[in-house]
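What follows is each chain in one-letter form.
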Amino acid sequence: MELRLLGIILAGGKGTRLYPLTKERAKPAVPFGGKYRIVDFVLSNFINSGIHSIYVLTQFRSQSLLQHLNEGWQIGGILKSQFIIPVPAQMRSADEQWYQGTADAIYQNINLIEQAGPQVVAIFGADHIYRMNIAHMIAEHQRTGAACTVAAVPVPKKHAREFGVIETSPDNRILAFHEKNPDSPSIPGDPTQVFASMGNYLFSTQTLLKALYEDAADPESSHDFGRDILPRLVAEKYAIYAYDFQTNKIPGEPAEAQPYWRDVGTIEAYWEANMDLRSVKPSLNLYNRQWPLRTNSYPDPPAKFTFDDENRRGEAIDSIVSGGCILSGGRVKTSILGRGVKVHAGAQVEDCVILDNCDIGRRAKIRRAILDKNVRLPPDATIGYDLEQDRKLYHVTETGIVVVEGDRTLVDISTIFV
């Protein structure tokens, strides 16, 4: 008999550390890699792994995310078990509050689980950039007979203070959880690493329902999986196992390929992950046709490069250029260009992430910058060369990355992409 699976994606994160990119959108809706959104990664993982019944729970600043899901992620038809349905926060708690934690988000939508009647519920976050064959994790979940399986990624022990760490036995059964503790126990047999929770869970349905009802009735709980639900299940001797993400294999990837997972929770991490994509051999392979990264199919024309005169040559080097871009005599180097970007004659763009519909004026020079959507730089503008001056106008990180907000320029409303 085919296993009945239900996927639930937690996509309500504020992403405060990614400000100002999250000023008008939730973190899962932040663009990434030219044409994608962060949420596309977990959705692609679900679909590629055979999970086709999916609820996406939203909350903060959800309009951009809802629009993207509506335009790019509509599936279904004859089979009622194939759907991707956004679920806005509906304040279904007794006191009509927003979600108080990850477990409360599921509890407030517990009717969706009870109505679907799955055997296994996959609860995954939408805040990270990663490729994961969830079918392999499901197979391990069934092999161990686990009540719950937690995806875990090995990280150097010196970073234990930054993560929720999982303590395991040699067979990966979870013994305890340690929240951002620098003295957390290492992985058995490897004193240099610890297991960090990825915030992705597989639950047997009955275990999940029982745990959610008990947690909701506990006034002392913070209603979070990592802080409350999972430690309680471990204490009650449920079979809770860690799934080692390093063992995950993606179809179409070479045998030596390392699993990819990045927390892009800060501007620096977001910029670095984008910069990796334009390298000769990026850590994240966007070109594996056996494991496609899906998104909205925009009706964009091809990118175009014009002029070949000295000092007026449309060119892009070690860069990713999305559909609809026009490099009209401008030079782009080691950068990521989103959809519909225009780079005019004499402009220079280096080490930048340029989001959709930006316009770089003649002779403008920008480096180590992130331009949010719909920014229009006037001719001769300079960004990234005088950080003291940039700080007066833009958001500048401690490492000198300049972020230009998208609402600084008036544009024709018909051209705006959220």
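These numbers come from a predicted model, not from an experiment.

1. Observations concerning the sheet that holds strand β22 (residues 342-343)
Backbone-to-backbone hydrogen bonds join strands into a sheet, with any given pair of strands oriented parallel or antiparallel.
No. 1: Strand order across the open sheet formed by 5 strands is β14-β19-β22-β25-β28, with parallel pairing between neighbours. In this open sheet, the two edge strands, each paired with only one partner strand, are β14 (304-306) and β28 (376-377).

2. Section: the side chain of T397
No. 1: Residue placement: T397 occurs in the loop between β30 (395-396) and β31 (402-404).
No. 2: Here E268 takes part through its side chain, which lies 2.9 Å from a polar atom of the side chain of T397.
No. 3: Within the structure, the side chain of T397 is placed 3.2 Å from the side chain of T399, a separation counted as a polar contact.
No. 4: Discounting chain neighbours no more than four positions away, the residues touching T397 are I267, E268 and R391.

3. Points about the sheet that holds strand β18 (residues 320-321)
No. 1: The sheet built from 6 strands is open, its strands ordered β18-β21-β24-β27-β31-β30 with mixed pairing. Taken across any chain shown, the strands that pair with only one partner, and hence form the sheet edges, are β18 and β30.
No. 2: Of the strand pairs in this sheet, strand β27 (residues 369-371) and β31 are connected by 3 bridges, and their pairing is parallel. Across the sheet, the residue bridging to A369 is V402, located in β31.

4. Description of the nonpolar core
No. 1: If you look at the biggest cluster of nonpolar residues, it comprises 38 residues, and the most contacted ones within it are I106, I123, F203 and F225.
No. 2: Per-element accounting of this core gives the leading share, 5 residues, to helix α7 (residues 225-235).
No. 3: Setting aside chain neighbours within four positions, we find F203 in contact with Q119, V120, V121, I123, H141, A147, C148, L208, F225, I229, L230 and L233.

5. Quick look at the environment of W291
No. 1: One can find W291 in the loop between α8 (267-277) and β14.
No. 2: Separated by 158 residues in the primary sequence, W291 and N133 have C-alpha atoms spaced 9.1 Å apart.
No. 3: Other than its neighbours up to four places away in sequence, W291 contacts N45, N48, S49, R131, M132, N133, I250 and P251.
No. 4: Engagement of the side chain of W291 in a polar contact is seen with the side chain of N45, the distance being 3.4 Å.

6. Quick look at the packing of aromatic side chains
No. 1: All told, the structure shown has 9 aromatic pairs when counted by the stated rule.
No. 2: Note on F163 and W261: the rings are 6.5 Å apart at their centroids and 45° apart in plane angle, and the pair reads as tilted. Of this pair, F163 sits in the loop between β8 (148-156) and β9 (164-168) while W261 sits in strand β13 (residues 261-263), and the two are 98 residues apart along the sequence. W261 carries the same exposure label as F163, and that label is buried.
No. 3: Plain terms: the ring middles of F203 and F225 are 5.5 Å apart, the flat faces sit at 40° to each other, and that makes the pair tilted. Placement of F203 in strand β11 (residues 193-204) and of F225 in helix α7 is noted, with a sequence separation of 22 residues between them.
No. 4: By way of ring pairs, the aromatic residues F32, F41 and Y270 are connected into one cluster.
No. 5: Here the guanidinium or amino end of R339 rests over the ring plane of Y298, the centre of that ring lying 3.5 Å away.

Parameters and conventions
- Residues numbered from 1 in each chain as written.
- Predicted model: local features only at pLDDT ≥ 70, side-chain atom pairs only at ≥ 80, totals over all residues.
- Heavy atoms only, no water.
- Pairing = 2+ DSSP bridges.
- Helix = DSSP H or I, 4+ residues; strand = E, 2+ residues; numbered from the N terminus.
- Polar contact = N/O pair within 3.5 Å; in protein donor to acceptor, adjacent residues only side chain to side chain.
- Contact = heavy atoms within 4.5 Å.
- Core = buried A, V, L, I, M, F, W, Y, C linked by side-chain atoms within 4.5 Å.
- Buried < 20%, exposed > 50% of the residue type's maximum accessible area, 1.4 Å probe, protein only.
- Phe/Tyr/Trp six-rings, centres within 6.5 Å; stacked < 30°, edge-to-face > 60°.
- Lys NZ or Arg CZ within 6 Å of the ring centre and 35° of its normal.

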